[in-house]
Amino acid sequence: MDIGYLTKLGANAKSRKLFSLFDDEMRSEKYSLSAAGLFLDYAKHNITDDELSGLFTLAKQATLADKISAQFSGEQLNNTEQRSVLHTVLRASDDVKKSVLGEQAQVVIDTEAKMAKIVDDVQSGNVRSVTGEKFTDILAIGIGGSYYGVKVALSALVPYHQPGLKAHVLANVDGDAAQEKFAKLNANTTLVVVISKTFTTQETLLNATIVKQWMLNANSDNNSSKDIISQHWYAVSTNIAAATAFGINADNILPMWDWVGGRFSLWSAVGLPLALVIGNQHFNDLKAGAFAMDQHFQQAPFEQNMPVIMAMLGIWNRNGLGYPSLAILPYNHALRALPGYLQQTDMESNGKSVDNNGNTLNYLTAPVVFGQEGTNGQHAFMQLMHQSADIIPTDFILSLAPTSEHLANHDALVANCFAQSEALMQGKTLAQAEAELRSSGASETEVTRVASHKTMKGNTPSNTLLMQQLDPQSLGAVLALYEHKIFVQGVIWQVNSYDQWGVELGKQLGKEVLNVMAKPMSDIESETLSSSSLALIRRYKNNLVQR
Ligand code: F6P
């Protein structure tokens, strides 16, 4: 069994009506499981018992169990950067930290203690602004993995935010994003956390610079710049020297480590802006939820292993059935940032076409991940999902308990979520469309004219992931579930899920464009840029002249 063989198997499955698999009355029972407080229904996938069993065989042939042990024990799975992949150790006990990290464990434990103290001091008012006031706002500056994890958790856990302390995230280099924050923040009571693993990311440094200028300019009581920065500014980075050079007090710099990938770093001091507003207990609960999923992932047999099942079904849909996309549809307003978070976690991890040995792959890897909160998606892209020729596998994510007291709204939200997965699977045949039109009194002419426009392909597979309620534990479990799903897919696809060389060319050319842009109009030339880009640069410079 290999990836190529899946394509053959899938050809047979594609001719099957997914709905017909429900002739097996036990299907719903057999194709669902609970783990770490979550419930996964995966019955609406176009797969039989034998095909699913074949996927587990593929996982075993890929020595997945050994790879899972290797990851948790700190082997350098990130082979191009010679790094371990140990975001999981950050949510494990101190004993596990010591057994995996050896002497570095104490640095990690001390950093967690330091982070917890900062949180307690800020929340209690022990640590105050340079004007002696309690901090009212936290401004986190970072992008990619130094942004998405904090963003998704802040949005998801609003009910757990401490009153009187609000958090904001600033990622885009577009000055409008910063301006938006300046318009609503009081510099005198804003605490800034600059998050950057490398502390070299252009967007983050430019934003940190304008935020610093904003804060110093707003200084009302003639406090020294040094006092303002030392009392209001914190940083999280592996690059302590660069953070110090930026002017941040060494005592306010929390380390992170190269064995934590940016997109997997929420569990580290990167989570500081989140912990500052939800408090240490809830932040620990988030980690506990992830830890519960880690335990399940390490211990459950593949056939009862939620991340393995989601991963292998994703491989089946991608390589067996050839579906190019994955829709992430959280039917939960508070999880509206989850699709964006998973775009980076999934596509930046497995959007590759070279294997661990540097050989070009002869099969496809990560799907294009997109999505938005339900029910909004039903008024955006669900038309295409129901009636285009493309079949788009979908993850529906829902909390059974409402986050608000509006119960009728929650009933409608849940009903829409379940209905969409059913409609995507069942579709509507021409005969059904014709019968519907006839029963509505349409003439035969009308039936002939309209019926085909009302057919829907169906056969779209989906997962429905349920949590009892959206709280720190369940959020932690969901994020860890996807981390492990992505890990498993990387193992099967034999790619390194933990580097991201694909972002380098854009950065290099960005520097070249800036250099060319700085030249006088008469010298706008470049060995590397096309005439199209040079013409665009000239047009931009012309606009600058008129500005
Ligand atoms: O998107 C590319 C990337 O390197 C991500 O992997 C990373 O999370 C992000 O940029 C930000 O990097 P840093 O945390 O070093 O600022």
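As the structure is a prediction and not an experimental result, all values here were calculated from the model. (Residues numbered from 1 in each chain as written. Predicted model: local features only at pLDDT ≥ 70, side-chain atom pairs only at ≥ 80, totals over all residues. Heavy atoms only, no water.)

Quick word on the overall build of the protein
A tally of helices and strands in the protein yields 21 helices and 11 strands. Relative to the 2.2 N^0.38 estimate, which gives 24 Å for 547 residues, the radius of gyration of the protein is 26 Å and therefore close to what a compact globule would have. With respect to the principal axes defined by its C-alpha atoms, the protein has extents near 80 × 65 × 55 Å. Restricting to contacts in the protein with at least 6 residues of sequence separation, those with at least 24 account for 74%. Accessible area of the protein: about 23,600 Å², with a carbon and sulfur share of 52%. Looking at charge distribution, the protein has the averaged site of its 42 positive side-chain charges lying 5 Å from that of its 53 negative ones. (Helix = DSSP H or I, 4+ residues; strand = E, 2+ residues; numbered from the N terminus. Rg over C-alpha atoms; globule rule 2.2 N^0.38 Å. Contact = heavy atoms within 4.5 Å. Areas by Shrake-Rupley, 256 points an atom, 1.4 Å probe, with all protein chains shown as cover. Lys, Arg positive; Asp, Glu negative; His and termini not counted. Charge placed at Lys NZ, Arg CZ, Asp CG, Glu CD.)

Focus on the site of the ligand
Taken together, 14 residues surround the ligand, and among them Ser146, Ser196, Thr198, Thr201 and Glu348 come closest. At 2.8 Å, a backbone N or O of lysine 197 approaches an oxygen atom of the ligand. The separation between an oxygen atom of the ligand and a polar side-chain atom of threonine 198 is 2.7 Å. The protein chains hide 87% of the 390 Å² of surface that the ligand would expose on its own. (Near = heavy atom within 4 Å. Polar contact = N/O pair within 3.5 Å; in protein donor to acceptor, adjacent residues only side chain to side chain.)

Some thoughts on the packing of helix H5 (residues 94-101) against helix H6 (residues 104-124)
Taken N-terminus to C-terminus, the directions of H5 and H6 make an angle of 145°; their axes are 7 Å apart at the nearest point. Each of Asp94, Lys97, Lys98 and Leu101 in H5 lies in contact with H6, whose residues at this interface are Gln104, Ala105, Gln106, Val108, Ile109 and Glu112. Each residue belonging to the contact of H5 with H6 can be placed in one class, and the counts come to four nonpolar, two polar and four charged. (Axes fitted to C-alpha atoms, helices over the stretch in contact; angles between N-to-C directions. Nonpolar A, V, L, I, M, F, W, Y, C, P; charged D, E, K, R; others polar.)

A short note on the layout of surface pockets
Gaps left between atoms are located by rolling a probe of water-molecule size over the structure's atoms. Estimated volume of the largest pocket: approximately 1,200 Å³. Lining of the largest pocket is provided by 43 residues; of these, Thr201, Gln500, Val503, Glu504 and Lys507 occupy positions nearest its centre. Of all the secondary structure elements, the ones that give two or more residues to the lining of the largest pocket are helix H9 (202-217), helix H14 (338-350) and helix H20 (504-517). Looking at the lining of the largest pocket, the element that brings in the most residues is H20, giving six residues. Broken down by class, the residue content of the lining of the largest pocket amounts to 11 nonpolar, 21 polar and 11 charged. Its boundaries defined by the atoms lining it, the second largest pocket holds a volume of some 420 Å³. (1 Å grid on protein atoms, 1.4 Å probe; cavity = no way out; pocket = protein on both sides within 12 Å on 5 of 7 lines; lining within 4 Å. Points joined across faces, edges and corners; volume = space filled by probe spheres on them.)

Quick word on helix H12 (residues 272-299)
Given a rise of 1.5 Å per residue, 28 residues ought to cover 40 Å, yet the end C-alpha atoms of H12 are separated by just 30 Å, more than 12% below that figure. Largest kink in H12: about 120°, centred on glycine 279. (Expected span 1.5 Å × (residues − 1). Bend = angle between axes of the 7 residues up to and from the residue.)

Remarks on the domain arrangement of the protein
Along its sequence, the protein is organised into domain 1 (38-81 + 300-426 + 460-493), domain 2 (87-278) and domain 3 (502-546). With centres defined by C-alpha atoms, the gap from domain 2 to domain 3 works out at 34 Å. (Domains from an automatic or database assignment.)

Here's the deal with the environment of tryptophan 259
Considering the arrangement of structural elements, one finds tryptophan 259 in the loop between strand S7 (253-255) and H12. Taking C-alpha positions, tryptophan 259 is 8.5 Å from glycine 74, a pair spaced 185 residues apart along the chain. With near-sequence residues (within four places) excluded, tryptophan 259 lies in contact with Ser84, Val85, Leu86, His87, Val89, Leu90, Leu101, Gln104 and Val108.

With respect to the sheet that holds strand S8 (residues 325-330)
Each strand in a sheet pairs with another by means of backbone hydrogen bonds, the pair being arranged parallel or else antiparallel. Pairing is mixed across the open sheet formed by six strands, whose spatial order is S1-S2-S11-S10-S8-S9. The sheet is open, and its two edges are formed by strand S1 (32-35) and strand S9 (368-370), each paired on a single side. Within the sheet, the average angular offset between the axes of one strand and its neighbour, ignoring direction, is 15°. Strand direction decides the pairing type here: S1 and strand S2 (residues 38-41), joined by four bridges, are antiparallel. What sits directly across from leucine 33, in S2, is leucine 40. In the packing of H14 onto the sheet, the strands contacted are S8, S9 and strand S10 (394-399), and the crossing angle to S9 comes to about 165°. (Pairing = 2+ DSSP bridges.)

So, the pairing of S10
Counting buried positions over the six residues of S10 gives six, a clear majority of the element. Burial along S10 is two-sided: the residues Thr394, Phe396 and Leu398 and Asp395, Ile397 and Ser399 are all buried. Taken together, the four bridges between S8 and S10 define a ladder with parallel strand orientation. Counterpart to isoleucine 328 in the pairing with S10 is aspartate 395. In this sheet, strand S11 (residues 462-467) lies alongside S10 in parallel orientation, the contact comprising six bridges. Note that in S11 the partner of phenylalanine 396 across the bridge is threonine 464. (Buried < 20%, exposed > 50% of the residue type's maximum accessible area, 1.4 Å probe, protein only.)

As for the packing of aromatic side chains
Inspection of the entire model under this criterion finds 12 aromatic pairs. Clustering of aromatic rings is evident, with ring pairs tying together Phe72, Phe297 and Phe487. Directly above the aromatic system of phenylalanine 22 lies the positively charged group of arginine 27, at a separation of 5.7 Å from the ring centroid. Over the face of the ring belonging to tryptophan 267 we find arginine 91, whose NZ or CZ atom lies 4.6 Å from the ring centre. (Phe/Tyr/Trp six-rings, centres within 6.5 Å; stacked < 30°, edge-to-face > 60°. Lys NZ or Arg CZ within 6 Å of the ring centre and 35° of its normal.)

Describing the side chain of aspartate 41
For aspartate 41, the position within the fold is in strand S2. Although aspartate 41 is buried, it makes no salt bridge; lysine 44 carries the closest opposite charge, 4.7 Å away. One polar contact links the side chain of aspartate 41 to the main-chain amide nitrogen of alanine 43, over a distance of 3.1 Å. (Salt bridge = Lys/Arg side-chain N within 4 Å of Asp/Glu carboxyl O.)

With respect to the pairing of S11
Within S11, six of the six residues are buried, which leaves it mostly tucked inside the rest of the structure. Residues Ser462, Thr464 and Leu466 point to one face of S11 and Asn463, Leu465 and Met467 to the other, with burial holding for every one of them. Here S2 runs beside S11; their pairing, made up of four bridges, is antiparallel. By the bridge assignment for S11, phenylalanine 39 is matched with leucine 466.

Observations concerning the packing of helix H1 (residues 3-14) against helix H3 (residues 49-61)
Where H1 meets H3, the closest approach of the two axes is 12 Å, and the angle between their N-to-C directions is 170°. Looking at the two axes, H1 sits roughly antiparallel to H3. Here Ile3, Leu6, Leu9, Asn12 and Ala13 of H1 come into contact with H3, specifically with Glu51, Leu55 and Leu58. Taken together, the residues that form the contact of H1 with H3 break down as six nonpolar, one polar and one charged. (Parallel < 35°, antiparallel > 145°, perpendicular 65-115°, else oblique.)

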